[in-house]
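# Summary of structural features
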Amino acid sequence: MDAFCIDMSLNEENKKTIIISAISIATFVILWEFVSVFIVKDSLYLPSFHSVFYAFLERLTSAEIYIDALISFRHFFTGGISAILIGIPIGIIMGWYQNVFRFFNPIIEILRPIPPLAWIPFAIIWLKLTHEAAGMIIFIGMVFPIIVNTYTGFRNIPKIYVEAAKVLGCTKDFDLIRHVAIPAASPMILSGIRVAMGTGWMCLVSAEMFGVSDAGIGYSLWHFYSLHRMELVVLYMFVLGFMGLLIDVLFRFVIEKNLLKWQKGTVI
Amino acid sequence: MKKAEIQNITKIFVSKDDRKSEVLALDNISFDLAEGDFVSILGPSGCGKTTLLRIIAGLEKQTSGNIIINGKISNEPGPKKGMVFQEYSLFPWKNVIDNVSFGLKMQGMKKEDAYKKASKYIEMVGLGEFKYSYPNELSGGMKQRVAIARALANEPDIILMDEPFGALDAQTRNKLQNELLNIWKNQKLTVVFVTHSVDEAVYLSDKIIVLSARPGKIVKEIPITIPKPRTRTGNEENEIRDEVLRLLNHEKYLADASQLSGE
C-alpha cells in the first residue's frame, strides 16, 4: 500500500513537471508572438514566432539546412577529436610526472586565458579558408579544459590504488598509467571533455561567422543577418541550441551507460 | 630456511620545509619469520608500525637496513609481497573477479587461467556468488575479503596486513579473524599483521612484537604457543594479554612523560 502511494506521488510529480513545462513554453511562445506582432511590429527587431515557424517548415524540406548542420558537425568534430587526441596525452604526462607538469604548466597558463576567437587571424593565415581553420578555433576552445581536467584527475587519484597495484606486481609507469591511473581518473577526464564540448560549441558560430569557413550553421546565420532575414537567424539560433543539446545528451548517455557504469549502485 | 628477515630497519623522516629537522621513526628493527609464521606488530599510536609494514612492502624507503625474502634482498614492491590495506583498496572500476585476477594478469597469465585461479580464491573467502559485483555493491567486510583474496591470488611469499579489519564492526571482525586463521592454516601463509587491538594480536599470532613509542624500537618479542583456534578469554590468553597491555601502558606513560617535559 505504501509503495503504491509512493508510486502514485511520483507519477503525480512527473505529471506536474510535464504540465508546468508545457505551460512555460506556451507562455513564452504566446508572449513572444504578442510582443512582436502588437508591440514591436518590426520583423527586423523581433521576428514573430509564426514567421520563424513557417521558415522552419519551409527549410525542413530543403537540403541547405542539413548541409549546414553537417558542415558544422564536421568543424566541431575536427576540432574536438584533435583536442581529445592531443589534450589527453598531454594531461596524462603532466599529471603523472611532476617535472613535466612544471615544464608545461607555465606555457598552458599563458595560452589558456587567450580567448579562442583571438586565434582567428592565425587560423586563416595558417590554414586558409578551410574547414580545418574553423576546426582549429574549436580545437583551441576545447584543448585547454581537456588538459586541465585530465591532469587534475590524475593528480587526485587516491594513492591507495597506485600502491595496491604496486604490491600486486604492477610496478612500471606505463602499466600503472594504463591500468590504474586512467580508469581512476576517467570520470574527471570525461567531465573535462563534456565541459570542453560546451566551450567548443560556443566557438563554432564565431569560427564560422568570421569567414574562416564558407558554410555551416554559424556561417549561414551570419549570411541571413546580412540579408536581414531575421526569422531565419532566429531559426538557426534554435538549431544551434538543439544541436548542442543533442551532442551533450548523446555524450552523457553513452558515457554513463558504458564507461562509468561502475560508479552507479546498480550494475549487475 | 628463514622465509623473511627484517634486518636493522631504521627510518628517519626529514621535514620537507626544514631539512634540519629530522625525526627518527624506526630505530634498528630486526626480526625473522619462518615459513608459516603469523607475527603481529603492536605498539602505541605513532610508533611507526604502519611505516614498518610499508617498508617491508617496498612502498616506503628505509633510511638503512634491508628486507630479505627467501634469502634475497627485496626492497622494492612486487607480487611476491602481498598486502592488505586498512582502507578499502579495491579498484572500484573493476568487478570482484577482475580485481582478484589483476595481479595474475600483470604477471602475464592468460585471462582464462587468471580467472580460474582468481575464482578459487574468491570461493575461499566465501564470495563465489559475487564474482561479477562491483566494489560499491559490497559491504565493508566483503570488500576486505576480496582484498585478501586479491593478495592471496598472487601466491606471495609473505602477506602484509595493515589493520585489515580496523574499519569493521566487532562481529564481522571476529568472523573474518576466524576465516583468516583457516586460510592461514590451509595455505601455510607467512603473515605480518599490524594491529592496535591486543585481543586480535593474541587471538591470531604465533609471535607478538611490541614496539615502543617514537622512535619505534622493539620492546619485546612475545612468542605465543597456545594452539589455534584459541579461545578469546582463556586463562593463558588473558595472561599474555595482561603482559602486552602492561608493556603498552608503560610505553604510553613514557611517551606522555617525554611530551610533558618538552621532549
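Residues numbered from 1 in each chain as written. Chains lettered and ligands numbered in written order. Predicted model: local features only at pLDDT ≥ 70, side-chain atom pairs only at ≥ 80, totals over all residues. Heavy atoms only, no water.

With that settled, consider the pattern of salt bridges. The tally for this structure, following the rule as stated, stands at 24 salt bridges over all chains. With its nearest N and O atoms 3.3 Å apart, the salt bridge here joins A:Arg112 to A:Glu109. According to the relative accessible area criterion, A:Glu109 is partly exposed, its value standing at 32%. One salt bridge connects B:Glu179 with B:Arg145, and the closest N-O pair in it is separated by 2.9 Å. Here B:Glu179, found in helix 5 (residues 170-187), pairs with B:Arg145, found in helix 4 (residues 140-153); they are 34 residues apart in sequence, far enough to count as distant. (Salt bridge = Lys/Arg side-chain N within 4 Å of Asp/Glu carboxyl O. Buried < 20%, exposed > 50% of the residue type's maximum accessible area, 1.4 Å probe, protein only. Helix = DSSP H or I, 4+ residues; strand = E, 2+ residues; numbered from the N terminus.)

It is worth spelling out the interface of chain B and chain A at this point. Counting from both sides, the interface comprises 25 residues of chain B and, opposite them, 25 residues of chain A. Summed over both sides, the interface between chain B and chain A buries roughly 2,100 Å², with carbon and sulfur atoms accounting for 69% of that surface. Along the contact surface separating chain B from chain A lie one salt bridge. As a salt-bridge pair, A:Glu163 and B:Arg54 come within 2.6 Å of each other at their nearest N and O atoms. Across the chain B-chain A interface, the total number found is two residue pairs in polar contact (both at pLDDT 80 or more). Mapped by element, the contributors of at least two residues to the side of chain B that touches chain A are helix 1 (49-57), strand 6 (81-84) and helix 2 (96-106) of chain B. With three residues, helix 2 of chain B is the largest single contributor of residues to the side of chain B that touches chain A. Looking at the side of chain B that touches chain A, its residues break down into 14 nonpolar, six polar and five charged. (Contact = heavy atoms within 4.5 Å. Buried area = accessible area lost by both parts, 1.4 Å probe. Polar contact = N/O pair within 3.5 Å; in protein donor to acceptor, adjacent residues only side chain to side chain. Nonpolar A, V, L, I, M, F, W, Y, C, P; charged D, E, K, R; others polar.)

Further remarks concern the domain arrangement of chain A. All names here are of chain A. Each assigned domain of chain A is listed with its residue range as follows: domain 1 (1-41) and domain 2 (45-262). Between domain 1 and domain 2, the C-alpha centre-to-centre distance is 32 Å. Taken together, the seven residues of domain 1 in the interface contact nine residues of domain 2. For the pair domain 1 and domain 2, the summed buried surface comes to about 670 Å²; carbon and sulfur atoms form 77% of the total. Run the count over domain 1 and domain 2 and you get zero salt bridges. (Domains from an automatic or database assignment.)

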